[in-house]
Amino acid sequence: MSVFQAVRLTDRVYWVGAIDWALRDFHGYSTSRGSTYNAYLIMSDRITLVDTVKRPFFDEMMQRISSVADPSDIDIIVSNHSEMDHSGSLPETVRAVGPSRVIASPMGCKALSAHFHWEADTVEAMGTGDSIDLGGMNLRFIETRMLHWPDSMVSYLPEGKLLFSQDGFGMHLASTERFDDQLPRDLLEAEARKYYANILMPYSPLVRGLIANLKKMDLDIDLLCPDHGPVWRSGIQWIMEKWAYWAEGRPAPRAVVIYDTMWGSTRSMAEAVAEGLAGEGVSTRVLPLRATHISDIASEVLESSAIVVGSPTVNGRIFPSVAECMNYLGGLRPAGMIGAAFGSYGWSGEAVKELNGLLEGMKVRLVGDGLRTLYVPDGAALMEAVELGGSVGRELNGMLKGEG
Ligand code: FEO
């Protein structure tokens with residue numbers, strides 16, 4: 001009897017992944033609730049393993065597989081995504097199992113080859129529209145390039161109505177519960193939003209295409225099986241609608257004020273800016289960089305339409321934490337935002353100008369030239385900060401009216 005058991009999803013399909021309770025940093029993304037690496041075992045005549053797990057979790061996966069099948073009976077391994085959290089234990093699994101076929105997308109073959117330096121014919125390529133006979137069941141493949149790697153694809157099992165969606169519709173959340181309807185919906189929403197913001201936001205136009213394509217294909221899906229977090233059973237429509245909403249980036253009456261501070265002056269300005277925004281009816285989150293991880297900031301930015309950033313000037317530059325945040329957000333490419341910059345300075349005061357340039361580089365439409373305050377803001381300077389927030393709020397309300 002092994003410690004780790006497979007979890008039955010349908011008569012013929014089992015979850016055989018791993019739970020990473022201790023994960024707190026996923027290549028820079030803060031994972032305060034851990035994660036799972038999901039692998040799925042299809043008990044067809046030709047037993048098929050869909051995806052594997054991060055390398056340190058190989059034994060856990062093998063124990064779960066062994067609870068329902070002899071691993072050496074696995075005939076086919078499918079790699080839907082070559083990122084190491086799903087392929088890290090693939091070489092060890094291939095050695096242990098000796099499958100007759102290893103399958104990936106055409107780009108997946110290249111990626112796996114570049115990761116593991118395999119011979120070119122080790123992995124068999126399957127593209128959109130291809131399918132394989134598992135013996136009494138079929139697995140169909142649909143490439144989802146750049147969602148979120150070039151190799152990404154999903155697999156559909158019509159018998160059983162399961163879509164194995166690799167990172168798609170996933171989240172970093174460790175739990176003993178395997179189905180979405182066993183967990184609180186607000187928890188799922190928070191973690192799914194954070195996942196989308198940090199992993200998918202730059203590819204939102206492609207997500208829109210994927211959602212449209214899935215609708216067009218009209219796949220009958222009873223279980224949506226991502227590679228992280230719970231399997232969607234009751235909330236399939238809900239999570240797809242959430243993804244469609246996040247991908248669309250429609251204007252919303254929400255703003256973020258992001259800042260760091262040296263002696264509290266830029267902080268005072270940040271809080272005054274937020275008052276100005278709130279005064280215009282804009283729901284505003286003030287996000288101090290000393291207290292907020294950049295991946296949580298990304299999550300707030302995803303559902304906001306205004307971004308106001310504050311930094312003191314340090315040695316003629318913006319503060320290092322602000323630079324890191326702007327670099328990260330710039331890569332995530334939030335779309336359709338308006339914004340502004342502010343900050344306290346002592347003598348040269350370059351930060352606001354630098355921030356304006358960075359915001360414009362992110363295609364954020366600036367509202368005004370920004371606001372600088374010499375050393376410590378007095379009452380009048382703080383009222384200027386309130387007015388900066390107010391002007392951004394009014395602009396945002398105008399956008400929303402235009403939308404309506
Ligand atoms: Fe979960 Fe892109 O790997």
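Being a predicted model, the structure only gives us computed values, none of them experimental.

So what about the overall build of the chain? Which residues, and what values?
Looking only at helices and strands, the chain features 12 helices and 24 strands. The C-alpha atoms of the chain give 24 Å as radius of gyration, which agrees with the globular expectation for 404 residues (22 Å, within 12%). In terms of its C-alpha atoms, the chain occupies a principal-axis envelope of roughly 75 × 45 × 40 Å. Taking as baseline every contact in the chain between residues at least 6 positions apart, the subset at least 24 positions apart corresponds to 73%.

Give me the pairing of strand S24 (residues 371-374): which residues, what numbers.
Of the two faces of S24, only the one carrying Leu371 and Thr373 is buried; Arg372 and Leu374 on the other face are not. Where strand S22 (residues 338-345) meets S24, 4 bridges bridge the pair, whose relative direction is parallel. Its bridge partner being in S24, Gly343 is matched across the sheet by Arg372.

Residue-level account of a nonpolar patch on the surface, with values.
On the surface, a cluster of nonpolar side chains totalling about 540 Å² of accessible area is made up of Trp347, Leu374, Tyr375 and Val376. Relative to the elements of secondary structure, Leu374 occurs in strand S24.

Give me the nonpolar core: which residues, what numbers.
Proteins that are soluble and globular tend to have nonpolar side chains buried together. Ile258 and Leu329 are the most contacted members of the largest nonpolar core, which has 91 residues in total. When residues in this core are grouped by element, the largest group, 8 residues, is from helix H5 (residues 185-200). Mapping this core onto the domain boundaries places at least three of its residues in each of domain 1 (7-248) and domain 2 (254-397).

Hey, could you go over helix H8 (residues 265-279) for me, with residue numbers and the actual values?
Its 15 residues place the ends of H8 21 Å apart at the C-alpha level, agreeing with the 21 Å of an ideal helix rising 1.5 Å per residue. Along H8, the residues that are buried comprise Ser265, Thr266, Met269, Ala270, Ala272, Val273, Ala274, Gly276 and Leu277. Of the residues flanking the end of H8, it is Gly281, one or two places downstream, whose phi is positive at about 85°.

Any chance you could break down helix H11 (residues 351-361) for me, citing the residues and the numbers?
For H11, every residue scored as buried is listed here: Ala351, Val352, Leu355, Asn356 and Leu359. Looking down the long axis of H11, one finds its buried residues gathered within 135° of arc, a one-sided arrangement. Looking at H11, the residues exposed on the side facing more than 90 degrees away from the buried face are Lys353, Glu360 and Gly361. After H11 finishes, the residue Lys363 shows a positive phi value of roughly 65°.

Tell me about unusual backbone geometry, and please be specific about residues and values.
Between Leu147 and the following residue, His148, the backbone shows a cis peptide bond with an omega angle of 0°. With a phi close to 50°, Asn315 is a non-glycine residue in the positive phi region. Tracing the sequence through the fold places Asn315 in the loop between strand S20 (313-314) and strand S21 (317-318). Residue Arg333 is not a glycine yet carries a positive backbone phi of 50°. Among the structural elements, Arg333 can be located in the loop between helix H10 (320-332) and S22.

Got a sec to walk through the packing of aromatic side chains? Specific residues and values, please.
Taken as a whole, this structure holds 8 aromatic pairs when the rule is applied. Ring plane angle 45° and centroid distance 5.2 Å describe the contact between Tyr40 and Phe164, whose orientation is recorded as tilted. Of the two residues, Tyr40 sits in strand S7 (residues 40-42) while Phe164 sits in strand S15 (residues 162-164), which places them 124 residues apart along the sequence. In this pair, the class of Tyr40 matches that of Phe164, namely buried. Measuring from ring centre to ring centre gives 5.2 Å for Tyr196 and Trp243, while their planes differ by 85°; the resulting arrangement is edge-to-face. Linking Tyr196 in helix H5 with Trp243 in helix H7 (residues 236-248), this pair joins segments that are 47 residues apart in sequence. By the burial criterion, Tyr196 is buried, and Trp243 matches it. The structure contains a cluster of three or more aromatic residues connected by ring pairs, namely Phe169, Tyr196, Trp243 and Trp246.

Rules used throughout
- Residues numbered from 1 in each chain as written.
- Predicted model: local features only at pLDDT ≥ 70, side-chain atom pairs only at ≥ 80, totals over all residues.
- Heavy atoms only, no water.
- Helix = DSSP H or I, 4+ residues; strand = E, 2+ residues; numbered from the N terminus.
- Rg over C-alpha atoms; globule rule 2.2 N^0.38 Å.
- Contact = heavy atoms within 4.5 Å.
- Buried < 20%, exposed > 50% of the residue type's maximum accessible area, 1.4 Å probe, protein only.
- Pairing = 2+ DSSP bridges.
- Patch = residues over 30% accessible without salt bridge, like charges linked within 9 Å, V, L, I, M, F, W, Y side chains within 5 Å.
- Areas by Shrake-Rupley, 256 points an atom, 1.4 Å probe, with all protein chains shown as cover.
- Salt bridge = Lys/Arg side-chain N within 4 Å of Asp/Glu carboxyl O.
- Core = buried A, V, L, I, M, F, W, Y, C linked by side-chain atoms within 4.5 Å.
- Domains from an automatic or database assignment.
- Expected span 1.5 Å × (residues − 1).
- Arc of directions from axis to C-beta.
- Phe/Tyr/Trp six-rings, centres within 6.5 Å; stacked < 30°, edge-to-face > 60°.

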